[in-house]
Amino acid sequence: SQPGSAQCKICPVELYCPEGSSNPIGCESGANIPNAVTLFAGSSSPADCKCEANFYDNSDDAAGGIPPNCEPCFVGSDCSEPGSTLQTLPVQAGYFRIADGSAVRLRDIRRCPDARYPETSGCKGTVNTSVESFAISSTPAGCQAGLKGVFCLLCDRTNVTARVYYSAATSTSLARCKHCYDSAR
């Protein structure tokens, strides 16, 4: 609303109102940012624009100081919620993000070998997990408990003293590590 007016109106969600203006503006029409909306009422700048559902911000701007560059989400990603960025792009169950922190690798989402059973896959997917969680040297955020490595095919032996082996997912059983038993008893 106009400064000094008796009745101030809050700018609605999906639009922004530049300071001193009572006219809401869309991110696409006013700031030429396709596939973007504001997520909160009271937005006052194109910098408040975020990518709408089914798109992610490809600008690689972690600080959020520049308007987004909204690209369609790719296979294996889940952009059902607005505001996804390359750094926080959720990964669907049955897929794995091969990441080393570089923007090129963050886009590398691959189908896991056991993806025909996404509900039981060793690759459980992620929900708004930051890039720091994807370091290959640690247990990846997208693996079922007890699994690690690329495509979650290795047993995480941290705090495990018994011998274990990887057991692939089936339609009814989670991918997991099982204990080895001596059959010579």
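Below is a short write-up of the structure.

Calculation rules
- In every chain, residue numbers begin from 1 and rise along the written sequence.
- Residues qualify for local features only when their pLDDT is at least 70, as the model is predicted, and side-chain atom pairs are given and counted only at 80 or more; totals for whole chains, interfaces and linings, by contrast, use all residues.
- Side-chain descriptors were evaluated using all non-hydrogen atoms of the structure, hydrogens and water having been removed beforehand.
- Runs of H or I in DSSP of at least four residues are treated as helices and runs of E of at least two as strands, each being numbered from the N terminus.
- Each residue is placed in one exposure class: buried if its accessible area under a 1.4 Å probe, protein chains only, is under 20% of its type's maximum, exposed if it is over 50%, and partly exposed if it falls in between.
- Pairs of residues are marked as contacts when any of their non-hydrogen atoms sit within 4.5 Å.
- Exposure was quantified through the Shrake-Rupley algorithm and a 1.4 Å probe, taking into account, for residues, occlusion by the shown protein chains and nothing else.
- The salt bridge criterion pairs a side-chain nitrogen of Lys or Arg with a carboxyl oxygen of Asp or Glu, the two atoms within 4 Å.
- Any two cysteine sulfur atoms within 2.5 Å of one another count as a disulfide.
- Aromatic rings from Phe, Tyr and Trp, taking only the six-membered ring of Trp, are treated as a pair when their centres fall within 6.5 Å; an angle between ring planes under 30 degrees marks them as stacked, one over 60 as edge-to-face, and anything in between as tilted.

### A few points about the overall build of the chain
At step 1: Check the secondary structure of the chain and you find 2 helices and 12 strands.
At step 2: The linear arrangement of helices and strands in the chain, starting from the amino end, is β-β-α-β-β-β-β-β-α-β-β-β-β-β.
At step 3: The buried share of the chain, taken over its 185 residues, is 34%.
At step 4: By sequence separation, contacts in the chain at least 24 residues apart represent 38% of the contacts at least 6 residues apart.
At step 5: On the chain, roughly 10,600 Å² of surface is accessible, and the fraction owed to carbon and sulfur atoms is 51%.

### Topic: the side chain of T38
At step 1: Looking at where T38 falls in the secondary structure, it is placed in strand β3 (residues 36–38).
At step 2: Sequence-distant contacts of T38, defined by excluding residues within four places in its chain, comprise P12, V13, E14, L15, Y16, C27, S43, D48 and C49.

### Observations concerning the pattern of salt bridges
At step 1: Per the stated rule, a full pass over the model turns up 1 salt bridge.
At step 2: Taking the shortest distance from any N to any O, the salt bridge between D108 and R110 comes out at 2.8 Å.
At step 3: Owing to a relative accessible area of 16%, D108 belongs among the buried residues under this scheme.

### Looking at the state of the cysteines
At step 1: One pass over the full model with this rule turns up 7 disulfides.
At step 2: Across a sulfur-sulfur distance of 2.2 Å, C51 and C70 are joined as a disulfide pair. Looking along the S-S bond of the C51-C70 disulfide, the torsion reads about -95 degrees, which is the left-handed sense. With C51 in strand β4 (residues 49–51) and C70 in strand β6 (residues 70–72), this residue pair connects regions lying 19 residues apart in the sequence.

### A word on unusual backbone geometry
At step 1: Backbone geometry places E14, a non-glycine residue, at a positive phi of 80 degrees.
At step 2: For E14, the position within the fold is in the segment before β1 (15–16).
At step 3: Of the residues examined, E14 reaches a relative accessible area of 47% and is grouped as partly exposed.
At step 4: Phi is positive for N35, which is not a glycine, with a value near 60 degrees.
At step 5: By relative accessible area, N35 is classed as partly exposed at 23%.

### A closer look at the environment of Y16
At step 1: Residue position: Y16 is located in strand β1.
At step 2: Each C-alpha atom, one on Y16 and one on S44, is 4.9 Å from the other, the two residues being 28 residues apart in sequence.

### Topic: the packing of aromatic side chains
At step 1: In this structure the tally under the stated criterion is 2 aromatic pairs.
At step 2: Geometrically, the ring pair formed by Y56 and F74 is edge-to-face, given 5.4 Å between the ring centres and 85 degrees between the ring planes. Of the two residues, Y56 sits in strand β5 (residues 55–57) while F74 sits in the loop between β6 and β7 (95–97), which places them 18 residues apart along the sequence.
At step 3: Note on Y56: relative accessible area 4%, which makes it buried.

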